[in-house]
Amino acid sequence: MDAVLFLVFAAIAVVCAVNLVIQTHPIASALSLIGVMGSLAFVYLQLGGQFIAAAQLVVYAGAIMVLFVFVIMLLNEGKERKVKMRLWVRWAGLPLLALFIALMAFIVQRVLPAQQSVKFGAFTSGDAQSIGTKLFTAYLLPFEVTSVLILIAIVGAIVLARKEID
Amino acid sequence: MPYIVLSLIKTLIVVLVLMHTLAYLQWVERKVIAHVQLRVGPRRVGPHGLLQPLADVIKLVTKEGMIPSHVNTPFYFLAPFIAVLFALIPMCLIPYGGDINLFGIHTTMQVTDVSIGVLLVLGLSGMGVYGVALAGWASNNKYSLMGGLRSSAQMISYELPMALAIAAPLLMLNTLSFRHMVDAQTGFYFGFLPKWAIFQGPFPQIFSFILFSIAGFAETNRVPFDLPEAENELVAGFHTEYSSMSFAAFFMAEYANMVTVSCVATLLFLGGWQPLWPAEYGSSFLPSLIFLASAVICFLHAARPARPFDRITLPVFGVLFLIIAGVFLIPPVQQILIPLFWFGAKVGGILFVFIWVRATLPRFRYDQLMRFAWTFMFPAALINLFITGLLVAVS
């Protein structure tokens, strides 16, 4: 059952990702991206990363993509400009992509142990409680530095936007 | 019994009850607003218009679905699906009562209990905005587009204070699972004051509850925040171009969202299915008493009938109420029904406030709506969260 569900959501994610690139319409691409985010959230959930799954759904699929869709709807999209593909891109693109995927598969298979739940650093499990505990004990400094960084980014964005208005 | 069969049965019950709730919520809304405005409301179809929801459903299903020629067809069809899907999914995460032990089967009154329940509900119901935004955009109509844009802007703005208002009681209850949340609100102070989050120490969450309710009104696009469908400026907003079942889908999604918000508020702040006062003082007999009183009123009116057929119908309803009052007293059934009664009563109370507010308050202006979110709701929620965090850390 787990394997079936994993395959279903992984397939949805891949199909949506491909659709995101193929679609010419910005709204269709944005919706595909939401599909990718949503199905990734369910894949995380199955891998035991419950908190990450919820955060992915609330933050990425919910908040950030709403902003994307909002901006796309607000700015009327112009006609898409097609750039002619270079000759070597047209011929070497597909083989290079295949090579890249094969390389990735090889590395993943070699580096990661086959039968073990995913682990990262001091985090022992994916539930909200342990992530919270670790964030405020083992990773307190990186956590706080990140929040300061985000604050700087917000202030910077406001400063830049202000200049534009004046 | 295998897990999947049990889950299917529970899902079926939840779906049936939910669909009837959604249909009759609309009847209740029309009746309540009518009585607030000194009208009688729907009365023609069935006694007191009780069959009106059925008539409405038949009308909507059999109506011709118009597809305007200027719409973006695939997205136009996708939008109501998204709206309904993300309005109904959160319902499977909501617990309605305690454990059930019947015929040797042990289960919980909930379709599925996940450890991150409240986050998942927040995330899934947040996705519902895509349905509204997409409907507005795909209709290719400037009024619809304005509705869709307003909806997404409103959702982004009010999601923040809502999340902050949810975070404050979570600090006290110390869990993300709805079931454990209710368990953390069991018990009474001084033997009578319930330990619900709005009364619980160290910092009673009454402000969080008010902020959550206001944000809930905005998230469900209800009056006074129903700017996406403001009929005096936008025709009907995002669903102007929809008719027949696709219109009904948006309608249903709105009511389902209302029910979800009310359930979450009940579980987070009002102690879920915990009674208002202890069982020692007879809180388990309240439903029986209510139905007994209804039966007595029916019999009294049957003795002095206003219309000839009251002599037959009122005693029938009186006997029916007596039977229901009796059912609430049977011990094994009582264990299941009493929590359900309290949960339903609290959710119903919040839903009534939703309707009441709609009948009372006028609509905000758009700039007022945004200013209210960012200059009052957000700082207030932040301060509330800060005080709660401080007091939880100190105690």
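Because the structure is predicted, anything quoted here is derived from the model rather than measured. Each chain carries its own residue numbering, running from 1 in the written order of its sequence. Think of it this way: whatever chain is written first is A, whatever ligand is written first is 1, and the rest follow in order. Local features in a predicted model are, by the rule used here, given only for residues with pLDDT of at least 70; side-chain atom pairs are given and counted only at 80 or more, and totals for whole chains, interfaces and linings are based on all residues.

**Focus: the overall build of chain B**
1) Next: Looking only at helices and strands, chain B features 14 helices and 4 strands.
2) Next: We take the radius of gyration over the C-alpha atoms and set the globule estimate at 2.2 Å times the residue count to the 0.38 power. A compact globule built from 395 residues should have a C-alpha radius of gyration of about 21 Å, and chain B, at 22 Å, falls within 12% of that.
3) Next: Summarising its shape, the C-alpha atoms of chain B cover approximately 65 × 60 × 50 Å along the three principal directions.
4) Next: Once C-beta atoms are placed from the backbone, each residue is buried if 20 or more other C-beta atoms lie within 10 Å of its own, exposed if 12 or fewer, and partly exposed for counts between those two. Within chain B, buried positions represent 42% of all 395 residues. Here a helix means four or more residues in a row that DSSP labels H or I, a strand means two or more in a row labelled E, and each is numbered from the N terminus.

**Re the overall build of chain A**
1) Next: Secondary structure summary: chain A contains 6 helices and 0 strands in total.
2) Next: Pairs at least 24 residues apart make up 52% of the contacts formed inside chain A by residues separated by at least 6 positions. Our contact criterion uses C-beta atoms placed from the backbone: two residues qualify when those atoms are within 7 Å.

**Re the packing of helix H3 (residues 50-74) of chain A against helix H5 (residues 129-138) of chain B**
Pairs of packed helices are described in terms of their axes, by the angle between the two and the distance that separates them.
1) Next: At their nearest, the axes of H3 of chain A and H5 of chain B sit 11 Å apart, and the two run at 10° to each other. With respect to H5 of chain B, the element H3 of chain A is oriented roughly parallel. Contacts between H3 of chain A and H5 of chain B involve Val66, Val69 and Met73 of chain A on the former and, on the latter, Val129, Tyr130, Ala133 and Trp137 of chain B.
2) Next: Three categories are distinguished: nonpolar for Ala, Val, Leu, Ile, Met, Phe, Trp, Tyr, Cys and Pro, charged for Asp, Glu, Lys and Arg, and polar for the others, with Gly belonging to the last. Taken together, the residues of the contact of H3 of chain A with H5 of chain B break down into 7 nonpolar, no polar and no charged. As a rule, the C-alpha atoms of each element are fitted with a line to give its axis, helices using only the stretch in contact, and angles between N-to-C directions run from 0 to 180 degrees. In this scheme, roughly parallel covers angles under 35 degrees and roughly antiparallel covers those over 145, while 65 to 115 is roughly perpendicular and the rest are oblique.

**As for the environment of Ala79 of chain B**
1) Next: For Ala79 of chain B, the position within the fold is in helix H3 (residues 73-88).
2) Next: Sequence separation between Ala79 of chain B and Ser284 of chain B is 205 residues; the distance between their C-alpha atoms is 45 Å.

**Focus: the interface of chain A and chain B**
1) Next: Between chain A and chain B, the residue contacts involve 18 residues of the former and 23 residues of the latter.
2) Next: Contributions of two or more residues to the side of chain A that touches chain B are made by helix H2 (26-46) and H3 of chain A.
3) Next: Per-element accounting of the side of chain A that touches chain B gives the leading share, 14 residues, to H3 of chain A.
4) Next: Along the lines of polarity and charge, the residues of the side of chain A that touches chain B split into 15 nonpolar, 2 polar and 1 charged.

**Side note on the nonpolar core**
1) Next: Linking buried Ala, Val, Leu, Ile, Met, Phe, Trp, Tyr and Cys residues through C-beta atoms within 7 Å yields a set, and such a set is a nonpolar core. Among the nonpolar cores identified, the biggest contains 121 residues, and Ala83, Ala165 and Ala215 of chain B are the most heavily contacted of them.
2) Next: Examining the composition of this core, we find that 16 residues originate from one element, helix H10 (residues 244-269) of chain B, more than from any other.

**Examining the domain arrangement of chain A**
Residues and elements named next belong to chain A.
1) Next: We note that the domain assignment places domain 1 (1-78) and domain 2 (124-166) within chain A.
2) Next: Domain segmentation is taken from an automatic or database assignment of domains. The gap between the C-alpha centroids of domain 1 and domain 2 is 23 Å.
3) Next: With 5 residues of domain 1 at the contact, the number on the domain 2 side is 5 residues.

**Some points on the packing of helix H1 (residues 2-22) of chain A against H2 of chain A**
Residue and element names in this part refer to chain A.
1) Next: At their nearest, the axes of H1 and H2 sit 8 Å apart, and the two run at 160° to each other. Judged by the angle between their axes, H1 and H2 are roughly antiparallel. Of the two possible hands of crossing, H1 and H2 adopt the one that is left-handed. In this structure, H1 contributes Asp2, Leu5, Phe6, Phe9, Ala10, Ile12, Ala13, Cys16, Ala17, Asn19 and Leu20 to the contact, and H2 contributes Ser29, Ser32, Leu33, Gly35, Val36, Ser39, Leu40, Phe42, Val43 and Gln46.
2) Next: Its residues assigned to classes, the contact of H1 with H2 shows 14 nonpolar, 6 polar and 1 charged. Left-handed is the label given to a crossing in which the near helix is rotated counterclockwise from the far helix by less than a right angle, and right-handed is the label when the rotation is clockwise.

**Observations concerning the environment of Val223 of chain B**
Residue and element names in this part refer to chain B.
1) Next: Following the sequence through the fold, Val223 ends up in the loop between helix H8 (206-219) and helix H9 (231-234).
2) Next: In the structure, Val223 is positioned 100 residues away from Ile323 in sequence and 39 Å away in space, judged by C-alpha atoms.
3) Next: Setting aside anything within four residues of it in sequence, one finds Val223 in contact with Val357, Arg358, Leu361 and Arg363.

**Structural notes on unusual backbone geometry**
Residues and elements named next belong to chain B.
1) Next: Its identity as a non-glycine residue notwithstanding, Leu38 has a phi of 60°, on the positive side.
2) Next: Among the secondary structure elements, Leu38 is positioned in the loop between helix H1 (3-36) and helix H2 (52-62).
3) Next: Accessibility expressed as a C-beta count within 10 Å gives 6 for Leu38, which makes it exposed.
4) Next: Even without being a glycine, Asn221 presents a positive backbone phi close to 55°.
5) Next: If you trace the backbone, Asn221 turns up in the loop between H8 and H9.

**Focus: the confidence of the model for chain B**
1) Next: The pLDDT averaged across chain B works out to 84; a share of 99% of its residues lies at or above 70.
2) Next: In the predicted assembly, ipTM is 0.76 and pTM is 0.84. pLDDT is defined as a per-residue confidence score from the predictor, taking values between 0 and 100.

**A short note on helix H14 (residues 366-394) of chain B**
Residues and elements named next belong to chain B.
1) Next: Look at H14: 41 Å from first C-alpha to last across 29 residues, which is about the 42 Å you get at 1.5 Å a residue.
2) Next: Its maximal kink placed at Ala373, H14 deviates by approximately 35°.
3) Next: Along H14, the residues classified as buried are Leu369, Ala373, Met377, Ala381, Asn384, Leu385 and Thr388.
4) Next: Next to the buried residues of H14 lie helix H6 (142-173) and H8. By this rule the span expected of a helix is its residue count minus one, scaled by 1.5 Å. The angle between axes fitted to the seven residues ending at a residue and the seven residues starting there is what we call the bend at that residue.

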